[in-house]
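Observations on chain architecture
So the chains spell out like this:
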Amino acid sequence: MLWNLKDWGESFEKKYGQYIIQKFGLKGYEIFWCKFIGNVDNKPASLENSDNDLDKTRKLLGQWNYSILRNLYNIDNINETLKKHTFKNNNLKIRLRYDREFLMVTHLMYNNLEILNKIYLTITKKENKKYTDLERNFVLMRNLISHNIKPLVKISSNYEVPENLEWFNGVDDKEIIWSDESFFSGLKHHPLKKYYEWCLQNTVSYFKNILTEEYSYMDTEFKNKKNKIVDVSQNIVLNRNDKHISTSGETFVAFS
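Residues numbered from 1 in each chain as written. Predicted model: local features only at pLDDT ≥ 70, side-chain atom pairs only at ≥ 80, totals over all residues. Heavy atoms only, no water.

**Details of the pairing of strand E2 (residues 159-162)**
Within a regular strand, side chains alternate between the sheet's two faces. In this structure, strand E1 (residues 154-155) lies alongside E2, joined through 2 bridges in antiparallel fashion. Paired with Ile155 across the strands is Tyr159, a residue of E2. Here E1 folds back onto E2, and the loop between the two strands holds 3 residues. In this sheet, strand E3 (residues 189-191) lies alongside E2 in antiparallel orientation, the contact comprising 3 bridges. Paired with Pro162 across the bridge in E3 is His189. (Pairing = 2+ DSSP bridges. Helix = DSSP H or I, 4+ residues; strand = E, 2+ residues; numbered from the N terminus.)

This is the structure we're talking about:
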């Protein structure tokens, strides 16, 4: 018998993870989980042959994959909820909620970038990587917005957020005076929905690629060390009461 998320996945993976996997075509997540993670008593399944280094690496990759899946769900959920609401610029409560969700998605996107980079460095065994202008500018935007959200979002009949990330290159947080509108004259904006979709599309694109790369890396490691995780049948024996308890499980990358 083979492992599968439907029967053996952690509660989030069963209820929401599979939805995200299907919606964004992330089958590689389940393939990796089934081959290298599994579950016994709410912990990753044991290796048939003890190997501390191999065990640590596959658990770290599994945890990072899981975190990205959760983040994607949360961003997608916020984006879908946005479609059900109408923005009212004269309603402070609504404006504050849009602020909160914008900041949350920006944080989750930054977190995704960090995790993806962590995975990249682990499977390539590199100590660091050269960041692209897009990566660097996104971080600059994220840092600046966390301190100065009010003048960086555009409130009119809609709620709009920064579009041209290159504007943030060279901007000094200590030089911003909110009332000086000329300071923000070169900043362009686009609808919040487009920003959320940008975050989703870019994360999914890189995640798909990194899932393929990390599977290849772990497959080679397992074959070289003639190892594998315990079979589902062993898990059934361990869980004699037939309670299927399961498990799975944050850095910076280039988007094209």
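There's plenty left to go through after this.
**Here's the deal with the side chain of Thr203**
Take Thr203: it is sitting in helix H7 (residues 192-224). A distance of 3.5 Å separates a polar atom in the side chain of Thr203 from a polar atom in the side chain of Asn112. (Polar contact = N/O pair within 3.5 Å; in protein donor to acceptor, adjacent residues only side chain to side chain.)

**Topic: the pattern of salt bridges**
Counted by the stated rule, this structure contains 12 salt bridges. A salt bridge links Asp172 to Lys174; the nearest nitrogen and oxygen atoms lie 3.6 Å apart. Exposure remark for Lys174: the relative accessible area of 71% places this residue in the exposed category. Three or more residues are tied together by salt bridges with common partners; here these are Lys23, Asp76, Glu80 and Lys83. (Salt bridge = Lys/Arg side-chain N within 4 Å of Asp/Glu carboxyl O. Buried < 20%, exposed > 50% of the residue type's maximum accessible area, 1.4 Å probe, protein only.)

**Comments concerning the nonpolar core**
Counting residues in hydrophobic clusters, the biggest one holds 76 residues, and the most contacted among them are Trp3, Leu26, Phe102, Tyr159, Leu192, Tyr195 and Phe207. Broken down by secondary-structure element, the contributors of at least two residues to this core are helix H1 (5-8), helix H2 (11-24), helix H3 (27-36), helix H4 (52-82), helix H5 (92-124), helix H6 (133-152), E2 and H7. A total of 14 residues in this core trace back to one element, the largest contributor, which is H5. Apart from residues lying up to four places away in sequence, Phe102 is in contact with Ile145, Ile149, Val153, Tyr159, Val161, Pro162, Leu192, Tyr195 and Tyr196. (Core = buried A, V, L, I, M, F, W, Y, C linked by side-chain atoms within 4.5 Å. Contact = heavy atoms within 4.5 Å.)

**Structural notes on the packing of aromatic side chains**
Here the structure, examined in full by the defined rule, presents 20 aromatic pairs. Here Tyr98 and Tyr159 contribute two aromatic rings whose centre-to-centre distance is 5.4 Å and whose plane-to-plane angle is 50°, an arrangement assigned as tilted. Of the two residues, Tyr98 is situated in helix H5 and Tyr159 in strand E2; the sequence distance between them amounts to 61 residues. Accessibility assignment for this pair places Tyr98 and Tyr159 in one class, buried. Taken together, the aromatic side chains of Phe102, Phe138, Tyr195, Tyr196 and Trp198 make up a single cluster linked through ring pairs. The ring of Phe12 has Arg70 sitting right over it, with the charged end atom 4.9 Å from the ring centre. (Phe/Tyr/Trp six-rings, centres within 6.5 Å; stacked < 30°, edge-to-face > 60°. Lys NZ or Arg CZ within 6 Å of the ring centre and 35° of its normal.)

**A word on the sheet that holds E3**
Ordered in space as E1-E2-E3, the 3 strands form an open sheet in which the pairing is antiparallel. In the strand order of this sheet, the two ends are held by E1 and E3, each with one partner. Taken strand by strand, H7 contacts E2 and E3, and its axis lies near 85° from that of E3. (Axes fitted to C-alpha atoms, helices over the stretch in contact; angles between N-to-C directions.)

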